Amino acid sequence: MPPLRQSVVISTLTLLITSAATSSPSYNHRQRLSTPHRSLVDSPLSQNSITKDYRRFKHSSENNPIRNAALWGIVSNGVRRRRVLGEVARRSLTRVRGGELDDSAAAVDTTADGQVGSTDEGPKEKINIITGNDKKSNITSNSSKKKKLDSDDERYSRQMYALGARAHGLVRSTTAILDGPLGKIKTGKRSSPTVSRGEHGFQSLHQNDDESETTFYNHIPSGLLYETAKNLALSGVGRIILIRNEESFDAGYFDGSLDDLGAAYFRAALSEVFPSLKQSRDAIDGKYEDIVEVEDEDYSDDPQIDHDDGTVLLMEYIQRLNPGVQVDIIPRQKLFELLREENAQDEGNWDDDEEDIITLGSNPVMVCIDRSTSAMLEMNDACRLRCRKHAQAVPFVSMKTAGVYSQIFCDFGPSFVVVDEDGETPRSTLIDKIESKDDNNEFLTIHCLDGERHDVSSGDVIEFQGEGSPDGSGSNEAFPQCRVVAVKSPTCFTVKELNEEGVSLTSTTLLARTIRSFTRVKIPKTMSFFSLRDILQTESVPTDKDDDVSAGTKSSNCWDKDSLFAPSDLDKSFDPLRRKAIMASMAALDAFVQKYGRLPCHLVKANNDNGSTKSKRSDKVRFQSLINKITDAESTKSMDKIISQFANTCRAKFTPIQCIIGAVGAQEILKSATGLYNPVKQFLLYDCDEVLESSNVDKEEQVDLYDENDLTAKGQSYILGKETSQKLASSRIFLVGAGAIGCELLKNLASMGAGTYQNASKEGCLIITDMDTIEKSNLSRQLLFRDHNVGDFKSAAAKSAVLRFLSNCNLEAHTSRVGEEEDGPFDDDFWSSGCDFVLNALDNVEARLFVDSQCVSNGRGLIDAGTLGPKGNVQVIVPYQSESYGSSADPPEPDIPVCTLKNFPYDINHTIQWARDLFDGYFQRRPRQANDHVKEIAAEDLTDFAQKLVNKFGQDAALDMAEELGEDIGVFPFAVGLDSNDPEYLAAVKRESLNWARNEAEKLFFTAINELLQKHPADSIDEEGAPFWTGSRRVPTPLSFKALNSSEDEVSAQQIIVNERIAQFVQAAARLRVESFLTSDDDQSSLSAISLEEALSSLEEHAQSSNQSSKADSEGSKVDNDIHAKLNRVKTGASFLPNLNIVDFEKDDETNGHVSFVTAASNLRAMAYGIPIADAMETRRVAGRIVPAMITTTGLVSALSCLELIKMLKGLPLTTHRNAFVNLALPFFAFTAPLLAEEIANIGGRSFTMWDKIAINASSKMIPDDITLREFIDNIKRSAKLGDNMEVSNISFGSYMIYANFLNSEDVKLLESSLMNTVKSAVIAEEESDETQLDVGSNDSNQTEQTSNLTDEQKTILSKLSKKRYIDFSVAVEHTETGEEYELPPIRYVKQKKD
């Protein structure tokens, strides 16, 4: 059969198999994507179109969540109009009038890949502003500038490994509707605001002179709103709708002047949205300020449009965070109309003569942020109202913070389905044996293989894998599922068989077939949620006229129901009084705002027009009075401390708390949209009131809320006092890593005012270092970077971005690696005096251990954070109190035994690792080997070269190397006389590469397996008489390509699949082989391309020729084991061969063919051993060792790190610190106090810890700038206060012994030598033999001569010794009478500073 025909047959068969596999009924979350057509209609792509062509496009096969680029504006009453927002309209957006481009508008650039963009990274998505007058308000893109649809895979690759493709697809179809305080970008209806500027960006807006003295200026938006929007945008939700409210809505419930995170986001958004304003400055009142004007065209009389509440600013900022997210704006009343609409438009029926109806999409989630309970009730009721008309309610999530207290509430409807509770891939566990415990085989006992532990619990459902499947692929289709009825031990449990209806059957099928392993089956579960109104059981509280308490604020029994509260802290969450106090305080806060029109305030200096100061000391009393009306007086007394702290801090916002709630809340939003992970049911309370200890918040010199030029963290100062904020501002904080966690830490620290204090004695600073550059996959979780930053150094780009958040922040950005062997800015002086605190944002253990050692050595506080998908941890290392990071070690990753990889794989991870090693061998080791020997082969006699190989590597290894060199160099005579740019050269390279790849496939998947089966036949037994192929050993099946027109038996469907897999391997291997022979300047991807048809053709021709010659060669030929013979062709090729290209495995480039090769090789080997195969995505994860990551987990651990930094800064007791272990999937939060540093026994019953040191300064009369060894020993005795009966027994520098009393106590020459020379001599002598002891007293010139043969490690140590400011020694002492030994604290030898 011709190759093309075979390709068509294979493709058709694969399609049929795929269709059969997907045609069976499967669960689909919320029944939203039941068909491809419905999936297309429900995608964000189809929700806001108005043209007929675009409606037809919805029914096409192109289902991509990235929409065409569109212009920002509105369409009203059939007339297209434009709304200008300062510089955004002039620079970032395209002006459309009458369907033509207006020359006065900024030109839209077309990038190299065809995307429509703008010079300053303006919006690239469609943006809709829905006004109250227009039900069908949309904007379409300019037809001449269509954006090229681009894949999300690279941007969201790390998140997809955490969520999975199904859940990620639902995230991309989600509409998140956000309601929260949006702030304002101008202060009055008819006046323009002025924006105070710093050197790098906006600082703040000035208030109007006529602002009411009783109302704080509120132009700052909610930081929690921005934080949540950021998390959702980076997570890739398809659409975000921002709700625009009347200015008086929920008035008084939010005070932006004390929201530090909101102020920082506001400055960053203004600086990024208005980048050109840096050049235009006007001197006003002696200060440089910029004028931001909002120009309304044709809408000056429209009250809906003339309401600049900051919505547009957030919209623009989201667009810059992720251009792939659609952002819409809708008035609050319009939203309620949509939610209450009786007859929703059927999105599947389209009438070309009708305009689109604006909908909330197929996967909406409602989010209330920093809103009062009454506003939450109104919104939650509307979501529940939709439930009466549709099968599913709109999920509702609310979040709010008040000082150091916070609350999350979730209502996902009466029947919410959780598809997967934890997101973990069930582990495949090997089985030793299955026993029947009754005559009917109803109950079976499963015994795990030795060394294996199961992960099942009683009630779980499991499924088996083995050799009973028809195709031998290890499928579980032939085995019934079973339910676990009893767990006897970690290696043994009992099961009962189930059929589809859950009725027990006989289990003869399990006993009759060979079962090898089992996995736990995940069963979706349904959860029922209550609405907020049902939970609160609202009642009107009878009160007098002056102390009225609104509905929804009275205490109810819900506060005592544990089932309604998800634990967030093992210490606090199970305290019913704390829970009641916080819930009552939240309710009282609503009542206070409703009565007084503002939030409670504790002794804040508020400047009036007459300059007087008005103290509001009675607010705490008023708040307590409202609490008493909500709860009974007796319980209030026991909650007094919490209530008092709540009243004192609730007015302000605390950045770490906002970021914690923003992360957890955003994850709950994603859960509601995907059904992935267990949701919060239904309240989650979190607080950090332990941080209030030792806080001076009652002093007169509190925050001046009206000082707009003051960039200090006002909310933080309000809560903790100015002293804490000034300490943070004046601290030098070292951030190691500017990746995902590093970006979040920088944003948080900028919001908290870090690194802004300067005076003559000290300057606060943030020091950043990261040697990595930005990749596109970073953009889904690193908020400081944009698409145009790809390729830049992370630290440099992060510095520029942080200055937008806090323009007067002092930053140092480095690209140096932090490590023992590195020379750079981070020397001993830096660690000892250049930084005060260290925050780790690293991705490897080696660097963590080094930073930890430096912090312990120099007494610096360290906070380490890490994530793995939804899991995260934070460890606090408090100087001189806690244990260090290195005090305990995680268990090492288990290595796969070589024999398992080579001959006995039983898991897909084994075959992937085998294929990954194969890649390195083919395209790294072998090209390097050829390059290393090509000149030697060309110059020497082959007999001499062969003998060298045997002498150096041995006979067998030399034979293998000769064979590889013959294949890699000996093939090159075909290219003699051809230029590398000659088409004939490329054709010859492709031909030889296809032959090589085909031969390698035969050797790997047929010959090698046949040889293994000849050595160990399927029925063989081991030395103990047991079957050899049992337990983890699987009998392999040799795989070979068989032509479809073979004269042998009919080709089976399984063989056709094998043929296709082999062809894919040959295609991928040949392509990479071709690239090895191309020059680095060539366009390798185009020149090396080999089609599947070419691979099939080569295999077909070889199979046919092999069949014809098989009879003549049936006797076989002798294997040529002569090394010289294998090198015969090498001589000629070595004279012409250029250096072969050496390839490093790159997991993130889908075009380079690396993952394709590993996938093809791994799946072929898996098929041979009956292991279920893996797709390219899973193969990329395992082969590339990709760590799943999500912005929500990253944001959570970063916020917890900043919270611990505040505690460390305040010097709080160790018991107030918390190590954190969290899993957002469950959700699970465990906070534990750090362990105390281990005490080490010392002399006389004393003890010390790793933090203790004995310092000895270099001061000698005999040796300038140094000290003798004898003087050093005497100093140790004196400093350690050793008695006459104690002596120094040994001194070590690292692993190098420099003194031992039983050897050197009488060595005068050694004792009188320089200490530094002694150390250097010990390092040099490490590799020397006993007969060639070095002269420790030799001078520097003699030592230089002795270092000629040192290893690189020794040279590095010697180089660093001369640069170090101090050296730490390990010293042991012993009692002269008893001989008992003791270890002293580290002895630090401090060198004299040279001028």
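Residues numbered from 1 in each chain as written. Predicted model: local features only at pLDDT ≥ 70, side-chain atom pairs only at ≥ 80, totals over all residues. Heavy atoms only, no water.

Asker: Got a minute to help me understand the overall build of the chain in this structure?
Answerer: When its secondary structure is counted, the chain shows 43 helices and 43 strands. Residues counted as buried form 56% of the 1395 residues belonging to the chain. A separation of at least 24 residues holds for 75% of the contacts in the chain among residues at least 6 apart in sequence. Put simply, the chain shows about 59,200 Å² of open surface, and 47% of that area lies on carbon and sulfur atoms. (Helix = DSSP H or I, 4+ residues; strand = E, 2+ residues; numbered from the N terminus. Buried < 20%, exposed > 50% of the residue type's maximum accessible area, 1.4 Å probe, protein only. Contact = heavy atoms within 4.5 Å. Areas by Shrake-Rupley, 256 points an atom, 1.4 Å probe, with all protein chains shown as cover.)

Asker: I'm lost on a nonpolar patch on the surface in this one. Help?
Answerer: Together, L570, F574, L1226 and F1228 line one region of the surface with nonpolar side chains, adding up to about 380 Å² of accessible area. Here L1226 is to be found in the loop between β34 (1219-1223) and β35 (1228-1232). (Patch = residues over 30% accessible without salt bridge, like charges linked within 9 Å, V, L, I, M, F, W, Y side chains within 5 Å. Salt bridge = Lys/Arg side-chain N within 4 Å of Asp/Glu carboxyl O.)

Asker: Hey, could you run me through the pairing of strand β43 (residues 1387-1390) in this one?
Answerer: It is a general feature of regular strands that their side chains alternate between the two faces of the sheet. Residues I1387 and Y1389 line one face of β43 and the alternating positions R1388 and V1390 line the opposite face, and both faces are buried. Pairing of strand β38 (residues 1254-1257) with β43, which is carried by four bridges, proceeds in the parallel orientation. Note that in β43 the partner of I1254 across the bridge is I1387. Note: strand β41 (residues 1366-1375) against β43, four bridges, orientation antiparallel. Directly across from Y1366, in β43, lies its bridge partner V1390. (Pairing = 2+ DSSP bridges.)

Asker: Got a minute to help me understand the sheet that holds strand β33 (residues 871-877) in this structure?
Answerer: Picture the strands of a sheet paired through backbone hydrogen bonds; they go either parallel or antiparallel. Read from one edge of the open sheet, eight strands run β30-β29-β28-β31-β32-β33-β34-β35, paired in mixed fashion. Two strands bound the open sheet, and with one partner strand each, they are β30 (811-814) and β35. Mean inter-strand twist for the sheet, computed between neighbouring axes without regard to direction, equals 10°. Of the pairings in the sheet, the one linking β34 to β35 comprises five bridges and is antiparallel in character. Opposite N1223, over in β35, you have F1228 as the bridge partner. (Axes fitted to C-alpha atoms, helices over the stretch in contact; angles between N-to-C directions.)

Asker: Explanation requested: the sheet that holds strand β23 (residues 492-497) in the structure shown.
Answerer: Pairing is antiparallel around the closed barrel formed by six strands, whose spatial order is β19-β20-β23-β22-β21-β24. Across the sheet, the mean angle from the axis of one strand to that of its neighbour is 50°, orientation sign disregarded. Pairing between strand β21 (residues 461-466) and strand β24 (residues 515-521): six bridges, direction antiparallel. By the bridge assignment, Q465 is partnered in β24 with S517.

Asker: In this structure, what is going on with the environment of L1226? I would like to understand it.
Answerer: Taking relative accessible area as the criterion, L1226 reaches 35% and is therefore assigned partly exposed. Measuring from C-alpha to C-alpha, the distance between L1226 and K871 comes to 9.6 Å, with 355 residues separating the pair along the chain. Non-local contacts of L1226, meaning those with residues more than four positions away in its chain, are made with E421, D422 and N678.

Asker: What's the story with unusual backbone geometry in this structure? I'm lost.
Answerer: Negative phi values dominate among residues other than glycine, just as trans dominates among peptide bonds. The peptide bond linking K681 to Q682 adopts the cis configuration, its omega dihedral lying at -10°. Within the secondary structure, Q682 sits in the loop between α18 (655-674) and β27 (683-687). Omega for the bond connecting L1226 with P1227 falls within 30 degrees of zero, at -15°, which places this linkage in the cis form. Of note in the backbone geometry, K1281 takes a positive phi value of approximately 60° without being a glycine.

Asker: I'm lost on the side chain of N231 in this one. Help?
Answerer: Here N231 shows up in helix α7 (residues 223-235). Looking at N231, the relative accessible area reads 0%, which means it is buried. Here K230 takes part through its side chain, which lies 2.8 Å from a polar atom of the side chain of N231. Once residues lying within four places of it in the same chain are set aside, the contact partners of N231 are G662, A663, A666 and I1191. (Polar contact = N/O pair within 3.5 Å; in protein donor to acceptor, adjacent residues only side chain to side chain.)

Asker: Where do I start with the confidence of the model for the chain in this structure?
Answerer: Note: predicted coordinates in regions of low pLDDT should not be interpreted at a detailed level. Put simply, the chain has an average pLDDT of 77, and 71% of its residues get 70 or more. In the predicted structure, residues 1111-1120 sits below a pLDDT of 50 and forms two contacts with residues beyond four places in sequence or in another chain. Within the model, pLDDT remains below 50 along residues 1328-1334, and this stretch shows four contacts once partners closer than five positions in the same chain are excluded. (pLDDT = per-residue confidence, 0-100.)

Asker: How should the packing of aromatic side chains be read in this particular structure?
Answerer: What describes a pair of aromatic rings is the distance from one ring centre to the other and the angle between the planes of the rings. Following the criterion strictly, the structure yields 39 aromatic pairs and no others. With a centroid separation of 5.6 Å and 50° between ring planes, the pair formed by Y880 and W1251 is classed as tilted. With Y880 in the loop between β33 and α25 (898-902) and W1251 in the loop between β37 (1247-1248) and β38, this pair connects stretches of sequence that are 371 residues apart. When its relative accessible area of 53% is taken as the criterion, Y880 is described as exposed. Accessibility expressed as a relative area gives 2% for W1251, which makes it buried. Between F1272 and Y1389, the ring centres sit 6.1 Å apart and the planes meet at 80°, which makes this aromatic pair edge-to-face. Taken together, the residues span a long stretch of sequence, with F1272 in helix α38 (residues 1269-1279) and Y1389 in strand β43 at a distance of 117 residues. Per residue, the accessibility class of F1272 equals that of Y1389, and both read buried. Among the aromatic residues, those joined into a ring-pair cluster are W914, F919, Y922, F923, W996, F1005, F1065, F1145 and F1157. (Phe/Tyr/Trp six-rings, centres within 6.5 Å; stacked < 30°, edge-to-face > 60°.)

Asker: Would you take a moment to explain helix α8 (residues 260-273) for this structure?
Answerer: Because an α-helix completes one turn every 3.6 residues, residues spaced three or four positions apart along the sequence face the same direction. Counted at 1.5 Å a residue, the expected span for α8 with its 14 residues is 20 Å, and the 20 Å between its end C-alpha atoms agrees. Counting buried residues in α8 gives 14 out of 14 residues, a clear majority hidden from the surface. Of the residues that open α8, the one with a side-chain oxygen 3.3 Å from the backbone nitrogen of L261 is D259. (Expected span 1.5 Å × (residues − 1).)

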